[in-house]
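Observations on chain architecture
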Amino acid sequence: MTVADPRFVVWCAGCGWNADPLPPDPPRGRLQGHRRRMAARYGEQLYGELARDGAGAPRLDASGVAAHVLAWAVHLSTVAVAVTGVLLIATGSVLALQVLLGAVLLLVVVTLRPRFGRLPKDAVTLDRAAAPALYALLDRVAAATGTRPVDVVALDAAVNASVTEYGLRRRRLLVLGLPLWHMLSPQQRIAVLGHEFGHYANGDQRRGLVVGTALRTLGTWHHVLRPSGQRHRTVVQVITDLIMIPPWLFVLGLLYLLDHFTLRASQRAEYQADLNGARIGSGAAAAEFLDELLLAQTVAREVHRQAVLARTRNRGTDPKAVEAGLWAQLADHARDIPAHERERLRRVAELRGHSTDSTHPPTHLRRTLLLETAGALPASVTLDPADTAAIDAEIDAPGRQVAHRTLRDMPL
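Residues numbered from 1 in each chain as written. Predicted model: local features only at pLDDT ≥ 70, side-chain atom pairs only at ≥ 80, totals over all residues. Heavy atoms only, no water.

To continue, consider empty space enclosed by the protein. This model, assessed by the stated rule, comprises 1 cavity of 30 Å³ or more. When its volume is computed, the largest cavity comes out at roughly 30 Å³. Lining the largest cavity are D291, L294, L295, R342, L345 and R346. The element best represented in the lining of the largest cavity is helix α12 (residues 339–352), accounting for 3 residues. Split into classes, the residues belonging to the lining of the largest cavity amount to 3 nonpolar, no polar and 3 charged. (1 Å grid on protein atoms, 1.4 Å probe; cavity = no way out; pocket = protein on both sides within 12 Å on 5 of 7 lines; lining within 4 Å. Points joined across faces, edges and corners; volume = space filled by probe spheres on them. Helix = DSSP H or I, 4+ residues; strand = E, 2+ residues; numbered from the N terminus. Nonpolar A, V, L, I, M, F, W, Y, C, P; charged D, E, K, R; others polar.)

Pairing of strand β3 (residues 161–166) with strand β4 (residues 171–177) involves 6 bridges; the strand directions are antiparallel. Bridge pairing links A161 to L176 in β4. What sits between the antiparallel neighbours β3 and β4 is a turn of 4 residues, in which G167 has the positive phi angle 75 degrees. (Pairing = 2+ DSSP bridges.)

Before going further, it helps to spend a moment on the sheet that holds β3. Within the open sheet, the 4 strands sit side by side as β1-β2-β4-β3. Their pairing is mixed. Pairing within the sheet leaves two strands with one partner each, and these edge strands are β1 (124–126) and β3. Adjacent strand axes in the sheet meet at a mean angle of 30 degrees when their direction is disregarded. Bridge analysis of strand β2 (residues 152–156) against β4 gives 5 bridges, and the strand direction is parallel. (Axes fitted to C-alpha atoms, helices over the stretch in contact; angles between N-to-C directions.)

Take the pattern of salt bridges next. Scanning the model with the defined rule gives 20 salt bridges in all. Note that R366 is salt-bridged to D274, the shortest N-O span being 2.8 Å. Residue R366 is found in helix α13 (residues 363–373), and its partner D274 is found in helix α8 (residues 235–281); the two are separated by 92 residues along the sequence. You'll find R366 and D274 in the same group, each marked buried. Its salt-bridge partner being R346, residue D291 comes within 3.2 Å of it at the nearest N-O pair. With D291 in helix α9 (residues 283–293) and R346 in helix α12, this residue pair connects regions lying 55 residues apart in the sequence. For R346, a relative accessible area of 22% puts it in the partly exposed group. Taken together, the shared-partner salt bridges in this structure form one network comprising D291, E343, R346, R347 and R367. (Salt bridge = Lys/Arg side-chain N within 4 Å of Asp/Glu carboxyl O. Buried < 20%, exposed > 50% of the residue type's maximum accessible area, 1.4 Å probe, protein only.)

A surface patch of nonpolar side chains, about 500 Å² in accessible area, is lined by W72, L76, V79, V83 and L87. Summarising the element assignment, L76 is placed in helix α2 (residues 62–91). Given a relative accessible area of 54%, L76 falls into the exposed group. (Patch = residues over 30% accessible without salt bridge, like charges linked within 9 Å, V, L, I, M, F, W, Y side chains within 5 Å. Areas by Shrake-Rupley, 256 points an atom, 1.4 Å probe, with all protein chains shown as cover.)

It is worth spelling out helix α10 (residues 296–312) at this point. Taking 1.5 Å as the rise per residue, α10 with 17 residues should run 24 Å; its terminal C-alpha atoms sit 24 Å apart, in good agreement. Among all positions in α10, only T298, V299, E302, V303, Q306, A307, L309 and A310 are buried. Where α10 is buried, its residues touch α5 (178–183), α11 (319–335) and α14 (385–409). Just beyond α10, the residue with positive phi is R313, at close to 55 degrees. (Expected span 1.5 Å × (residues − 1). Contact = heavy atoms within 4.5 Å.)

Let's shift gears to the packing of α2 against helix α3 (residues 97–112). Where α2 contacts α3, the two axes come as close as 8 Å, and the packing angle between them is 150 degrees. Judged by the angle between their axes, α2 and α3 are roughly antiparallel. The two elements α2 and α3 cross, and the hand of that crossing is left-handed. Across from T78, V81, A82, T84, G85, V86, L88, I89 and T91 in α2, the residues of α3 making contact are Q98, V99, L101, G102, A103, L105, L106 and V109. Residue classes in the contact of α2 with α3 are distributed as 11 nonpolar, 6 polar and no charged. (Parallel < 35°, antiparallel > 145°, perpendicular 65-115°, else oblique. Left-handed = near helix turned anticlockwise from the far one by under 90°.)

Within the structure shown, the criterion is met by 1 aromatic pair. Of note, R172 hangs over the ring of Y200, and the distance from its end group to the ring centre comes to 4.0 Å. (Phe/Tyr/Trp six-rings, centres within 6.5 Å; stacked < 30°, edge-to-face > 60°. Lys NZ or Arg CZ within 6 Å of the ring centre and 35° of its normal.)

Take helix α7 (residues 209–225) next. With 17 residues, α7 should reach 24 Å at 1.5 Å per residue; the first-to-last C-alpha distance of 24 Å fits that figure. Turning to α7, its buried residues are V210, V211, G212, T213, A214, L215, T217, L218, W221, H222 and L225. In the core, the buried residues of α7 are packed alongside α2, α3 and α8.

Here Q188 lies in helix α6 (residues 186–201). For Q188, a relative accessible area of 10% gives the class buried. Separated by 3.0 Å, the side chain of Q188 and the backbone nitrogen of S185 make a polar contact. Those residues in contact with Q188 that sit more than four places away from it in its chain are M183, A285 and E288. (Polar contact = N/O pair within 3.5 Å; in protein donor to acceptor, adjacent residues only side chain to side chain.)

Here's what the structure looks like:
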């Protein structure tokens, strides 16, 4: 049966005709393509294991040990380059060639040193004093998960949420995407928070200090050493590219290896975070949250439309009014997407092996596992209407700031 709605793709729910009329976006580069293939393969393997045996406790297996060994080798190589540079400078005479070489090596170390992450200077953040109701909820979710609370909350315009640690002190940061936050019901919001705090509790290697910084270091090396690949190059550029190819290929190989050692554990950590979200916010809410992630492109297009209206003042649009009502408008837009379009998006996700990014398991497998193993779980943390209203009030003013930046800076 086909449903004709001019706003959406016309397709047949019975036979699947025209469910996916456009080709998927190709991966950007070999590394992303490799990660996508690994994500699909490991996602299916782990789905079968977890559906059969349950999640179990996080564990360090042979691949995890190999990942840490390789990560330490990356860090020690940086130290070795730094020590070599210092020795060359210390033992060379003034203006000697080895002093110049030592200075170059130290410059390389400064450029390619491990990054511990930091809070972006222009991030729109909320601290405990400004958002006591939000932090009270976060503390409850952290306690129910068995991990320590976050230190900072940042707001952005992504249809997503994420957690990370930054700095030598490993301060915890929660990033809330305002479109997603406003699209979700209170219990779905708790499921999202349970999922994110689950990453802190399950020991995801790719987010850890040793392996995480090694991945970022290799990513920097890969970007710096990668040949330009320009069509019209000078002789010097051609020679430089030829010199760069061997070390670039070596770094690319290390990235492949570290991906190989960590992606499976990262996939398992994602499934475990989903199950923690189900335990905290309920199984039904956790599965519904994954459905909302499939609306990301649709909501992003609506953000672009709102930016066009605000910046061109189309039909007398007041930019300030658009900013003030942006997140509510996006939430209404998402809720207005009919059931037949949501079902089509679910089928497309399964056909394409959709995942949030190239390190996540396919979304349809995450949803299926939740429904099969945790669908009946009740919520262990709930939120009453008064607290929900208080949190929304705390987010309102910084949310307008994010809306202003989003509408101002979006390419038209």
